[in-house]
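This is what each chain is made of:
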Amino acid sequence: MTNPAERVTNPAERVTNPGYNYAYLDEQTKRMVRRALLKAVAVPGYQVPFASREMPLPYGWGTGGIQVTASVIGPDDTLKVIDQGADDTTNAVSIRQFFARVAGVRTTERTAEATLIQTRHRVPETPLREGQILVYQVPLPEPLRKLEPRETETRRMHALSEYGLMSVKLYEDVTRHGRIATSYDYPVMVEERYVMAPSPTPKFDNPKMHRSPALQLFGAGREKRIYAVPPYTRVRSLDFDDYPFEVQEFDTPCALCGSSGVYLDEIITDDQGGKMFVCSDTDFCAQRVAAAGDSQGARDPQGAGGLQ
Amino acid sequence: MTSPARTSPSRTAPPAPGFADPVLDAQRCFRSLLAALAGPMQALSLDACPPSPPEPLGPAAAAVALTLFDADTPVWLDPRADRPEIRDFLLFHCGCPLTPEPGEAAFALLLDPAAAPRLSAFRCGEEEYPDRSATLVLQVDAFDPAGPVFRGPGIETSRRLAPRPLPPGFWDQARANHALYPLGVDVFFVAGAQLAGLPRTTAIEEAV
């Protein structure tokens, strides 16, 4: 899979930015993060405290995810970075370039080609496979924080598996809105032991976390927590018997590629109230459009539709 | 952490060499460790081990030490590992404090399975901090494909593997360790240049 010509193994070539260690972090920091990652994998859903470092970008831009990626990444990896489903927005482009420079890795926008995927708030539509690692950027790792501000108390609640408060929160949703109104960062129960924040992914993505063949790692830089969901681990979205968990549904298919059953973004197209719904996952959408274009051949050289 | 047993390297012979490429070899080894814990009880091969670790430390055991041990991790050595060449190797390359108390260790290097302490002798974490538990590196001779049936996170259906030789009554201890979940110790089995992980999440069923 790795093209030998592109593989950078010579220590002299591998850091294109002299002055920084490979993958930016120093080795001591990487060992600390790596030990935290191993314990996180051993206790799925539990938030392992770690000594988060200052990174060359502000909190909220993925400092936790970057530290996890930097501690995991090697020259054989192919990196994809997702920002709200897109590969071509600021955060995704910057982080991809960062690792291309400090780690000398190949980058890609294709989910299937990537060995390591750092993501901000989406799980790719293309199913992940065994051996891939998905790194989530997490702003608020503690699912109970908005219900109980004290760290000592939430820690105790996790220790006792005391999650009644979360059920009350979801129940209040039901009484107020007639349904569970939480639509992103929807709390999940991991391996029937720890309640975990899946990061602000739409709840649409929660079912993809359940028994995923890929390893899922979560990094919260400001809050200094790392957690993980190993492959084939049970991830259950919290709900009630009479108000079962449901994902978002969309009335129309993607306006670009025609996919249904995927997560759509609303795009405003003019100032007359015009709008369209398109795939949030740009790589998935582009591949569907390309495939449709191939099969339609000369009839529609522009592909199946497109932004006018 | 206390480190009364810590001694400065005092040998006349220099310590055995570490990784050929300390940065990238540690990264490769870590990825194998991560894969071993995220996919328990499958024998993985380490392709970047230190060339000539001090006897009787095997290549995989040495690679794990160089990847994870440092000044923040008190290490307990079993009597077979507690020899000058190995101490020098660890102190020179990792700078890790050595502790005489198994219960204080973040990592334990167990080279003599027959005489290994019980798993319960090591730190199993605290209710509020289950991550504060020991990680054991248990060196065995080989991995056999038979053995008990394992289930749990990281295993799609079930898996079988038998490291040998194991401490007497090891699987009973491992079952008790699993029953402590979310507390418990995590174990890496190493044999030659191979490695397998046994996190506390793995359920162990009777050998069929």
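Look up a bit, the structure's there.
Definitions and cut-offs
Residues numbered from 1 in each chain as written. Chains lettered and ligands numbered in written order. Predicted model: local features only at pLDDT ≥ 70, side-chain atom pairs only at ≥ 80, totals over all residues. Heavy atoms only, no water. Contact = heavy atoms within 4.5 Å. Buried area = accessible area lost by both parts, 1.4 Å probe. Salt bridge = Lys/Arg side-chain N within 4 Å of Asp/Glu carboxyl O. Polar contact = N/O pair within 3.5 Å; in protein donor to acceptor, adjacent residues only side chain to side chain. Helix = DSSP H or I, 4+ residues; strand = E, 2+ residues; numbered from the N terminus. Nonpolar A, V, L, I, M, F, W, Y, C, P; charged D, E, K, R; others polar. Pairing = 2+ DSSP bridges. Axes fitted to C-alpha atoms, helices over the stretch in contact; angles between N-to-C directions. Phe/Tyr/Trp six-rings, centres within 6.5 Å; stacked < 30°, edge-to-face > 60°. Buried < 20%, exposed > 50% of the residue type's maximum accessible area, 1.4 Å probe, protein only.

A. Local environment of the interface of chain B and chain A. The interface is formed by 41 residues belonging to chain B together with 44 residues belonging to chain A. Roughly 3,400 Å² of surface becomes buried between chain B and chain A when both sides are summed, with 59% attributable to carbon and sulfur atoms. Where chain B packs against chain A, one counts seven salt bridges. Linking chain B to chain A there are 19 residue pairs in polar contact (both at pLDDT 80 or more). Every element with two or more residues in the side of chain B that touches chain A is listed here: α1 (22–38), α2 (59–68) and β7 (186–191) of chain B. Among the elements that take part in the side of chain B that touches chain A, α1 of chain B stands out by supplying 12 residues, more than any other. For the side of chain B that touches chain A, a count of residues per class yields 22 nonpolar, eight polar and 11 charged.

B. Spotlight on the side chain of S259 of chain A. By the element assignment, S259 of chain A lies in the loop between β10 (235–237) and β11 (264–268). When sequence neighbours within four positions are dropped, the list of residues in contact with S259 of chain A reads P253, C254, C279, F284 and R288 of chain A.

C. Representation of the sheet that holds strand β6 (residues 159–164) of chain B within the structure. Residue and element names in this part refer to chain B. In space, the three strands of this open sheet follow the order β6-β5-β9, with antiparallel pairing throughout. Looking at which strands have only one partner, the edges of the open sheet turn out to be β6 and β9 (203–205). In this sheet, neighbouring strand axes are inclined to one another by 60° on average, regardless of whether the strands run parallel or antiparallel. Relative to β9, strand β5 (residues 142–151) runs antiparallel, the two being bridged by three bridges. Among the inter-strand pairings, V149 is bridged to a residue of β9, identified as E205. Relative to β9, helix α4 (residues 170–179) is tilted by about 140°, and along the sheet it contacts β5, β6 and β9.

D. Main features of the packing of aromatic side chains. Residues and elements named next belong to chain A. Summed over all chains, the structure comprises 15 aromatic pairs over all chains. When the centroid spacing of 5.1 Å and the interplanar angle of 40° are considered together, the rings of Y20 and Y24 count as tilted. For Y20, a relative accessible area of 41% translates into the label partly exposed. Aromatic pair F218 and Y227: ring centres 4.6 Å apart, planes at 5°, arrangement stacked. Y227 carries the same exposure label as F218, and that label is buried.

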